Amino acid sequence: MDRKRTLAEAYRHFGEVDAGEESPLYQRVAVLLSESDEALRAIETAPVRKRQPTMILAALHDLALAGRAPALAAAYADGDGDAAAEAAIDTLARIPETVADIAARRKPKTNETGRYAVLYPAIAEAARRTDARAVGLIDVGCSAGLNLNVDRVGIRYGNGQTLGSSSSPVQVTSSVVGGAAVPTRAMPEVTTRVGVDHDPVDVTNADEARWLRACVWPDQPDRTTMLEAEMELAAADPPLLLQGDVVDVLPDAFAQVPSHALPIVTTTWTLSSLPLERRLRFVQRLDEAAASRTVAWVSAEGVGVAPAIPTLGDRRASGHSILGLASFNQGTLHAEAVGRCWSRGRILSWLAGT
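Given the structure is predicted, the values throughout are model-derived calculations rather than measurements.

1. Looking at the overall build of the protein chain
Then comes step 1: Within the protein chain, the secondary structure is distributed over 12 helices and 11 strands.
Then comes step 2: Over its C-alpha trace the protein chain gives a radius of gyration of 21 Å, about what one expects of a compact globule, namely 20 Å for 354 residues.
Then comes step 3: Judged by the C-alpha coordinates and their principal axes, the protein chain covers about 60 × 40 × 40 Å.
Then comes step 4: Looking at the protein chain residue by residue over its 354 residues, the buried ones come to 55%.
Then comes step 5: Looking at the protein chain alone, contacts between residues at least 24 apart form 70% of all its contacts between residues at least 6 apart.

In structure tokens:
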């Protein structure tokens, strides 16, 4: 099978399966790109690992948002899949090097707002268990650090429970399944917000903020509106973003948290990108930081991905994730699973008795 045919099949699969009913616009664009030799030749000028549909479509969207592909921007605004595909093919043929350069420099960024719904109660529970009156948040794999505003958003659960601020411009919802209620204790004062990432995004930088917008599919206006509100919230009081290997930079992040505050490290679907050796090293870093103070770790990861967090007997690749809570103190580790979640936090099952 030749490489061009393989690329064409990847775009057709993305359109017919991945975009599916979620994005009729991208469904049509991806399928027509798969049928265009001109488009496929242009896509092949990008690095091999950057030719996937999500990357190229985001690069094209970035150009549309920047005013460099006006026909594509107009087609996206109209929701016209055929016109968008035609404009996308024209843009790829006209400036293939520009599209390839954006793809080479950037990484796909997802900022799922459902994460707040699982993070807030777990962070508050970690603080309660250690009698912490103040916490310092360290988000690993932070992207733009939007998770660090978890205490500034409003959350409504499907069973009527609420957390956070009802007046916040960022409001999220999450369904609750199972018999246990979600703890609704308030989070203590947040003294420090530190994000750690290989490639953090500064939302106060216009180009980087535009890239976050570009990674949202054009025919998902609710997600775009939510992202705008989240970025505005983050830009009002930007977190400290540390760039580098997420394991190696952790000591620098801990150094930012004052001694009277409990450092709480959060990972949300981050550790699966690390090999097992680095995940174990990550846990070791937390233990090292706890030589003179208590350290907490809140994780939302696939079953079996987070070292030390119980799997509850669940099978790997089961379709849900485990919400974990661990505390480290002078060589002592206490770790447990406090819940399960689906769809990146949009559905939550809190475990009774935790």
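2. Regarding helix H7 (residues 96–105)
In an α-helix, one full turn covers 3.6 residues, which means residues spaced three or four apart are oriented alike.
Then comes step 1: Every buried residue of H7 is accounted for by Pro96, Thr98, Val99, Ala100, Ile102 and Ala103.
Then comes step 2: Considering only its buried residues, H7 is in contact with helix H3 (37–43), helix H4 (53–65), helix H6 (81–94) and helix H9 (206–214).

3. Some thoughts on the layout of surface pockets
Then comes step 1: Approximately 1000 Å³ is the volume attributed to the largest pocket.
Then comes step 2: Lining the largest pocket are 37 residues, and of these Pro108, Lys109, Thr110, Arg115 and Trp269 sit closest to its centre.
Then comes step 3: Elements represented by at least two residues in the lining of the largest pocket include exactly H4, helix H8 (115–129) and helix H10 (221–236).
Then comes step 4: The element best represented in the lining of the largest pocket is H4, accounting for 3 residues.

4. Some points on the packing of H4 against H7
Then comes step 1: Interaxial distance between H4 and H7 falls to 9 Å at its minimum, and their mutual angle equals 115°. Between H4 and H7, the angle is such that the two are roughly perpendicular. Crossing of H4 against H7: the hand is right-handed. On H7, the residues touching Met55, Ile56, Ala59, Leu60, Asp62 and Leu63 of H4 are Thr98, Val99, Ile102 and Ala103.

5. Details of the pairing of strand S4 (residues 171–176)
Then comes step 1: Taking every second residue as pointing to the same face, the buried face of S4 carries Val172, Ser174 and Val176, while none of Gln171, Thr173 and Ser175 on the other face is buried.
Then comes step 2: In terms of strand pairing, strand S2 (residues 154–157) meets S4 through 4 bridges, oriented parallel. Paired with Tyr157 across the strands is Ser174, a residue of S4.
Then comes step 3: Relative to strand S11 (residues 347–350), S4 runs parallel, the two sharing 2 bridges. The residue of S11 that forms the bridge with Val176 is Leu348.

6. Topic: the pattern of salt bridges
Then comes step 1: A complete count under the given rule lists 21 salt bridges for this structure.
Then comes step 2: Arg129 serves as the salt-bridge partner of Glu336, at 2.5 Å between the closest nitrogen and oxygen. Separated by 207 residues along the polypeptide, Glu336 in strand S10 (residues 332–342) and Arg129 in helix H8 bring together distant segments of the chain.
Then comes step 3: Judged by relative accessible area, Arg129 falls into the partly exposed class, the value being 31%.
Then comes step 4: The shortest N-O distance in the salt bridge between Arg210 and Asp207 comes to 3.1 Å.

7. Some details on unusual backbone geometry
Then comes step 1: The phi angle at Leu312 is positive, at roughly 60°, despite the residue not being glycine.
Then comes step 2: Non-glycine residue Gln330 carries a positive phi angle of around 50°.
Then comes step 3: Relative to the elements of secondary structure, Gln330 occurs in the loop between strand S9 (321–329) and S10.
Then comes step 4: Since its relative accessible area comes to 58%, Gln330 is described here as exposed.

8. Observations regarding the sheet that holds S4
Then comes step 1: With mixed pairing, the 11 strands of this open sheet are ordered in space as S3-S2-S4-S11-S10-S9-S8-S7-S1-S5-S6. Edge strands, defined here as strands with exactly one partner in the open sheet, are strand S3 (162–164) and strand S6 (240–243). Between one strand axis and the next, the sheet turns by 25° as a mean value, whatever way the strands run.
Then comes step 2: Most of the contacts of H8 go to strand S7 (residues 262–268), to which it runs at about 150°, and overall it touches strand S1 (134–140), S2, S3, S4, S7, strand S8 (295–302), S9, S10 and S11.
Then comes step 3: Each of S1, S7, S8 and S9 is contacted by helix H12 (residues 276–289), which is oriented at about 165° to S8, the strand it contacts most.

9. A word on the packing of aromatic side chains
Then comes step 1: This structure, assessed with the given rule, holds 4 aromatic pairs.
Then comes step 2: Ring centres of Tyr26 and Trp217 lie 5.7 Å apart, and the angle between their planes is 55°; on these two criteria the pair is classed as tilted. Of this pair, Tyr26 sits in helix H2 (residues 24–34) while Trp217 sits in the loop between H9 and H10, placing them 191 residues apart in sequence. Per residue, the accessibility class of Tyr26 equals that of Trp217, and both read buried.
Then comes step 3: On the basis of an interplanar angle of 75° and a centroid distance of 5.3 Å, the ring pair of Phe282 and Trp297 is categorised as edge-to-face. Highlighted residues: Phe282 in helix H12 and Trp297 in strand S8, separated in sequence by 15 residues.

Rules used in this analysis
- Residues numbered from 1 in each chain as written.
- Predicted model: local features only at pLDDT ≥ 70, side-chain atom pairs only at ≥ 80, totals over all residues.
- Heavy atoms only, no water.
- Helix = DSSP H or I, 4+ residues; strand = E, 2+ residues; numbered from the N terminus.
- Rg over C-alpha atoms; globule rule 2.2 N^0.38 Å.
- Buried < 20%, exposed > 50% of the residue type's maximum accessible area, 1.4 Å probe, protein only.
- Contact = heavy atoms within 4.5 Å.
- 1 Å grid on protein atoms, 1.4 Å probe; cavity = no way out; pocket = protein on both sides within 12 Å on 5 of 7 lines; lining within 4 Å.
- Points joined across faces, edges and corners; volume = space filled by probe spheres on them.
- Axes fitted to C-alpha atoms, helices over the stretch in contact; angles between N-to-C directions.
- Parallel < 35°, antiparallel > 145°, perpendicular 65-115°, else oblique.
- Left-handed = near helix turned anticlockwise from the far one by under 90°.
- Pairing = 2+ DSSP bridges.
- Salt bridge = Lys/Arg side-chain N within 4 Å of Asp/Glu carboxyl O.
- Phe/Tyr/Trp six-rings, centres within 6.5 Å; stacked < 30°, edge-to-face > 60°.

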